[in-house]
Structure formats: structure tokens, C-alpha cells
Amino acid sequence: MAMRISVQWLTGNDNKPKGLWPIEWLAITYSILTTLAMFVLWPDMDHPRDMLADRLYIFLGTILLWRIYLFWPRRLMTFIRITAQMALLSYWYPDTYEFNRTFPNLDHIFARWDAVLFSCQPSLEFSRLCPWPWFSEAVNMGYFSYYPMIVAVMVFFFLCRNNHYEKASFTVMCSFFIFYLIYIFLPVAGPQFYFQAITPECAESGIFPSLGTYFSHRTDMLPSPGYADGFFCHLVEWAQDSGERPTAAFPSSHIGITFILLYLVRPQSKRFLFILSPFALLLTLATVYIQAHYLVDAIAGILASYPVFCLSKWAYQKTSLILRHET
């Protein structure tokens, strides 16, 4: 009976607007903005024609899902349309690297900030101070839970707070795009890439050379710190090998987006917030522990999270208002 009710609910009629939705217009707008940046940087980019083709395919896929929804306006299609846009974040993230690799790298500035502010390199010291297998596995579990947390929050809104689902999805995706626009023009790779290039000994000695466009064709990282034989450590290594690039270090979107998820869930379910909070704490620690971020990146991620959250909510309200007037 429960399965029958669930299927009926998923295949039930949806009464959403017939045009493109705010989240789809958001993706189109981001695609246009990055395409304009691509034309400006065209001579310095590796494969701009392929990137341009990708954007065309994404646009055509968006239109196709929209047309299918017009013939079959069901909740399941709503979930598919929005999930398709969210899933494309896995494309848009490495896409930032294709832009910022054309600019001189800025890691020497951020590594120096850590040294000046904390009198050490926290990303190197943290794992030395806490080498225990249980701690290393716990923070790696927190770091790996990043995308599962996003999926869990989106599924929660779809199944349990469906009237807020579109707004929550837009807010998360807009927040990602705000961070991504920063990363395009602020090329910071993070300690795991920069310290691999200059050596940890050089960093600990306070020597931070500028590497120019070194990371344009170099993506080698430091080995995993802490307990390197753990299950979650291997999962994090696998995830990084699959899609990590020397980009997106400042501010930490891992922390920023995680806090934004908490902001979204807090007024809806205190129980779910309680479940997510330990993972959020472990992830925050992990960003520095596994050397993905400088400590200043982590702090900036926390500080940026609420302004980005508010800006994304405002963007949804404005976009929704404009689309309602047009219809």
C-alpha cells in the first residue's frame, strides 16, 4: 500500500508553471556569463570549442526535459528536471579550472596569510597533531559526506517539504554558482597542490614562491595525511582522483554550501538538522586536515555562507517575480 501511494504521488499531476523554471533560467544565465568570459579568454584556453559545445548540449537537454514535462506534467518529471540541473554541478566545478588556469596562481598569497595569522601552516600541522586512525577516518567520512548531504537535503525537501523544494534547489545551485564565479577569477589551488609543487619543507620555512601558470598543466597532489589506509580515506582519494582540480580553494565552498544546507533545514526540521550537524562539523575540520584548504579558506567559507545564502534567496524571489509577470 505504501509503495502504491508513493508511486501515485510521484506520478500525480504537478501544477507548476509551464515555462522554464527559475533554476533553469539560473543555469542558462550562468552558461551565458561563462561563455562571454570564454570569448574574452579564448586565445589562452585549451579547448574552448569543446566547452562551447558542452554548453549547447546542456541547453538542448534543458529544453528537451521542459518539452517532455509539457506532455507529462508529473511530480516525477519535476524531480528529474531539477535534479538534472543539480547533477550538472559536477560539470560546472571542473569547468572553473579551465578559466582560472589562464591566470597567474595566487596560492603564495594565501599560504603566506596562514603563516602570518597562525604562525604555522595549519593544513600541515593539523594531521601531525591528530594522526590517530579513528580521527582521520572520522574527518574523511565528514569530507566524503559532502555530496550525500546535498542529495539528502534535496530528497528531504522533495518528499517532506515539497512546496519548498524548487526554492531550496535554486538556493543551493545559485550558491554554488556564486562560489564558482569567484573561483573563475581567483585562482587558488589549495595546500595539497601548492605544497606538492614547492614542497612542504619550503612552506614550513616561510618560502612561498609565485608559480605563475604552473597549474595550467600540473594537477599532482600531496599524499593523503593522517591514517592513509582507512576506508573513508580511500573514498576521498577516489573522489579526488575522479574530479579534483587545482581550483576552488578560496573561499571553501565545501564549508559554505554545507552551512547553507543547515540554514535551509533549520526552519523545516530540527531533527534533520541534528542529524546533519555532526557531519557538517567533521567536514569543516576535514577541509584543513586533508590539506584541501588553507585555514583562511575555511574561515572565509564560514563567513561567506550566510551572505551567499541571503543573496541566493533574493535571486530566487526576483526571478520568480519576473517570470510570474511574464506569464
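Nothing here was measured: the structure is a model prediction, and the numbers come from that model.

Reading the values: the criteria
- Residues numbered from 1 in each chain as written.
- Predicted model: local features only at pLDDT ≥ 70, side-chain atom pairs only at ≥ 80, totals over all residues.
- Heavy atoms only, no water.
- 1 Å grid on protein atoms, 1.4 Å probe; cavity = no way out; pocket = protein on both sides within 12 Å on 5 of 7 lines; lining within 4 Å.
- Points joined across faces, edges and corners; volume = space filled by probe spheres on them.
- Nonpolar A, V, L, I, M, F, W, Y, C, P; charged D, E, K, R; others polar.
- Helix = DSSP H or I, 4+ residues; strand = E, 2+ residues; numbered from the N terminus.
- UniProt positions renumbered as here; feature names shortened; annotations may be inferred.
- Salt bridge = Lys/Arg side-chain N within 4 Å of Asp/Glu carboxyl O.
- Buried < 20%, exposed > 50% of the residue type's maximum accessible area, 1.4 Å probe, protein only.
- Core = buried A, V, L, I, M, F, W, Y, C linked by side-chain atoms within 4.5 Å.
- Contact = heavy atoms within 4.5 Å.
- Phe/Tyr/Trp six-rings, centres within 6.5 Å; stacked < 30°, edge-to-face > 60°.
- Lys NZ or Arg CZ within 6 Å of the ring centre and 35° of its normal.
- Disulfide = S-S within 2.5 Å.

Asker: Teacher, can you tell me more about empty space enclosed by the protein here?
Answerer: Inspection of the entire model under this criterion finds one cavity of 30 Å³ or more. Reported here for the largest cavity is a volume of approximately 70 Å³. Lining the largest cavity are 14 residues, with N100, R101, N105, P187 and F215 sitting closest to its centre. Per-class residue counts for the lining of the largest cavity are eight nonpolar, five polar and one charged.

Asker: Mind showing me how you'd approach the layout of surface pockets here?
Answerer: Where empty space is left in the structure can be found by rolling a water-sized probe over the atoms. The space that makes up the largest pocket amounts to roughly 800 Å³. Lining the largest pocket are 36 residues; nearest its centre among them are S90, Y146, Y147, I150 and H254. Broken down by secondary-structure element, the contributors of at least two residues to the lining of the largest pocket are α4 (75–87), α5 (89–100), α8 (133–144), α9 (146–160), α10 (165–185), α13 (231–243) and α14 (253–265). Counting residues per element, the lining of the largest pocket draws most heavily on α9, at seven residues. Within the lining of the largest pocket, the residues separate by chemical class into 25 nonpolar, 10 polar and one charged.

Asker: Explanation requested: the UniProt feature "transmembrane region" (unreviewed entry) in the chain in the structure shown.
Answerer: Per the UniProt record, "transmembrane region" (unreviewed entry) is annotated on residues 21–43, 55–72, 79–94, 143–161, 168–186, 248–265, 272–292 and 298–316. Segment residues 168–186 splits into 95% helix and 0% strand. End C-alpha atoms: 27 Å apart. Secondary structure content for residues 272–292 is 86% helix and 0% strand, and the end C-alpha separation is 27 Å.

Asker: For this particular structure, what's the right way to read the pattern of salt bridges?
Answerer: Taken as a whole, this structure holds seven salt bridges when the rule is applied. The closest approach of N and O atoms between D95 and R55, which form a salt bridge, is 2.7 Å. Of this pair, D95 sits in helix α5 while R55 is found in helix α3 (residues 48–71), placing the two residues 40 residues apart along the sequence. When sorted by exposure, D95 lands in the same class as R55, which is buried. In this structure, the salt-bridge partner of E125 is R128, at a minimum N-O distance of 3.3 Å. Of the two residues, E125 and R128 both sit in helix α7 (residues 122–129), three residues apart, roughly one turn of that helix.

Asker: Explain the nonpolar core here, please?
Answerer: The nonpolar side chains of soluble globular proteins are, as a tendency, buried together. Residues M86 and Y180 are the most contacted members of the largest nonpolar core, which totals 72 residues. For this core, the element with the most residues is α10, which contributes 13 residues. With residues up to four places along the chain from it excluded, the contact list for M86 reads I23, I150, M154, S169, V172 and M173. Core analysis: the next-biggest nonpolar cluster, separate from the first, contains 19 residues, A189, F193, F208 and F215 among them.

Asker: Hey, could you run me through the UniProt feature "domain: Inositolphosphotransferase Aur1/Ipt1" (unreviewed entry) in the chain in this one?
Answerer: Taking the numbering used here, the UniProt-annotated feature "domain: Inositolphosphotransferase Aur1/Ipt1" (unreviewed entry) corresponds to residues 118–304. The span residues 118–304 carries 67% helix and 0% strand; its end-to-end C-alpha distance comes to 21 Å.

Asker: Just to check I follow, could you spell out the packing of aromatic side chains for this structure?
Answerer: Pairs of aromatic rings are described using the distance from one ring centre to the other and the angle between the two planes. Taken as a whole, this structure holds 38 aromatic pairs when the rule is applied. For the ring pair F156 and F272, a centre distance of 4.9 Å and an interplane angle of 45° mean the geometry is tilted. Residue F156 is located in helix α9, and its partner F272 is located in helix α15 (residues 270–289); the two are separated by 116 residues in the primary sequence. Residue F156 is classed as buried on the basis of its relative accessible area, which comes to 11%. For F272, a relative accessible area of 13% gives the class buried. Counting every residue linked through ring pairs, the aromatic cluster contains Y30, Y91, W92, Y93, Y146, Y147, F176, F177, F179, Y180 and Y183. Taking NZ or CZ as reference, R67 lies 5.2 Å from the ring centre of W66, over its face.

Asker: Explanation requested: the state of the cysteines in the structure shown.
Answerer: Here a disulfide denotes one covalent bond, and it connects the sulfur atoms of two cysteines. If you walk through the whole model with that rule in mind, you get zero disulfides. As a non-bridged cysteine, C120 has C130 as the owner of its nearest cysteine sulfur, 12 Å distant. For C120, a relative accessible area of 29% gives the class partly exposed.

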